[in-house]
Amino acid sequence: MTKTGRMTKAARRMVTAAGRVVKVVGRGTAVAVALVAGMLFGTATPAAAHDGVILTLHGDGRGSVWVTAAWQDGHPVTEAVGITLLATTADGRREGPAGLRRNGDALTYAGTLGAGDWTVVAEMGTPAIGRCQGVLHVATDGAPQDIVCAPPPAAATPPPAPAVKASYTWVWYALGVVALAAVAAWLFHRKSIAARAAARRTPSRKTSARRTTARRK
């Protein structure tokens, strides 16, 4: 078998092996894309599914405080909740921040507030972002209070980034390279023609020796 035939067989083997690798990589990529798409689009977060959370701050007027949470579409929040409460007064008293515990539908504060006007802030981190702030009056004969807080406004969609203008500078570089290559090829071709013409005009040593011998005879 000729050397060319061996190279052809080797090239065919390389192409076949490359095709197998491409198939394997292609399958793996497809699986990965499917998994990522499933994670991104197959499941929706509770906040996205229910359009935000509404927090309501409650006080019985005598120091007990709790919060209720509902989705904006009216469904109750049944997921695990992460929420804290902070209460302060104008004279410097402070309670919290403390985590609230679920007790049925209520998220309750374990302590009690003393008499006075308390600025209470409840902040939720999971399963959605929510915040409720209000002033609760605490007294021996205090009256119950309910303060409803709407969900925070959705973040404004940023304006689309300006389109980047395509640069065609590389075209000029490519044309310059092609032009230089053409000039080099032309010079080489011209030099080759000149060398051939010179070789034709110059007689070989053997021809000169024969002519010299013939003249002597």
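Residues numbered from 1 in each chain as written. Predicted model: local features only at pLDDT ≥ 70, side-chain atom pairs only at ≥ 80, totals over all residues. Heavy atoms only, no water.

Trainee: Would you mind showing me how to read the pattern of salt bridges here?
Mentor: Close approach of charged atoms allows side chains of opposite charge to pair. One pass over the full model with this rule turns up two salt bridges. Between Arg93 and Asp91 there is a salt bridge, with the nearest N and O atoms lying 3.3 Å from each other. (Salt bridge = Lys/Arg side-chain N within 4 Å of Asp/Glu carboxyl O.)

Trainee: Would you mind showing me how to read the environment of Val121 here?
Mentor: Secondary-structure assignment places Val121 in strand β7 (residues 116–126). Between the C-alpha atoms of Val121 and Leu57, which are 64 residues apart in sequence, the distance is 8.7 Å. Val121 has contacts with Thr84, Leu85, Leu86, Arg131, Cys132 and Gln133, leaving out every residue within four places of it along the chain. (Helix = DSSP H or I, 4+ residues; strand = E, 2+ residues; numbered from the N terminus. Contact = heavy atoms within 4.5 Å.)

Trainee: Before we go on, may I ask you to explain the confidence of the model for the protein chain in this structure?
Mentor: In low-pLDDT regions, the fine details of the predicted coordinates are not to be read closely. Mean pLDDT over the protein chain: 74, with 59% of residues reaching 70 or higher. Note on residues 3–7: pLDDT under 50 across the span, and one contact to partners over four residues away in sequence or across chains. Scored below 50 in pLDDT, residues 21–46 makes five contacts in the model with residues more than four places away or belonging to other chains. (pLDDT = per-residue confidence, 0-100.)

Trainee: Any chance you could explain the sheet that holds strand β1 (residues 53–59) here in plain terms?
Mentor: Ordered by their spatial adjacency, five strands build an open sheet running β5-β6-β2-β1-β9, and the pairing between neighbours is antiparallel. The sheet is open, and its two edges are formed by β5 (101–103) and β9 (145–149), each paired on a single side. The sheet shows a mean angle of 30 degrees between the axes of neighbouring strands, direction not considered. Relative to strand β2 (residues 65–71), β1 runs antiparallel, the two sharing seven bridges. (Pairing = 2+ DSSP bridges. Axes fitted to C-alpha atoms, helices over the stretch in contact; angles between N-to-C directions.)

Trainee: So what exactly am I meant to see when it comes to the sheet that holds strand β8 (residues 130–138) here?
Mentor: Where strands meet in a sheet, backbone hydrogen bonds hold them as pairs that are either parallel or antiparallel. Taken together, four strands build an open sheet; the order of strands is β4-β3-β7-β8 and the sheet is antiparallel. Of all the strands in the sheet, just β4 (94–99) and β8 have a single pairing partner and so form its edges. For this sheet the average axis-to-axis angle between neighbouring strands, irrespective of direction, equals 15 degrees. As paired elements, strand β3 (residues 82–88) and β4 share four bridges and run antiparallel to each other. Counted as the bridge partner of Thr84 is Gly99 from β4.

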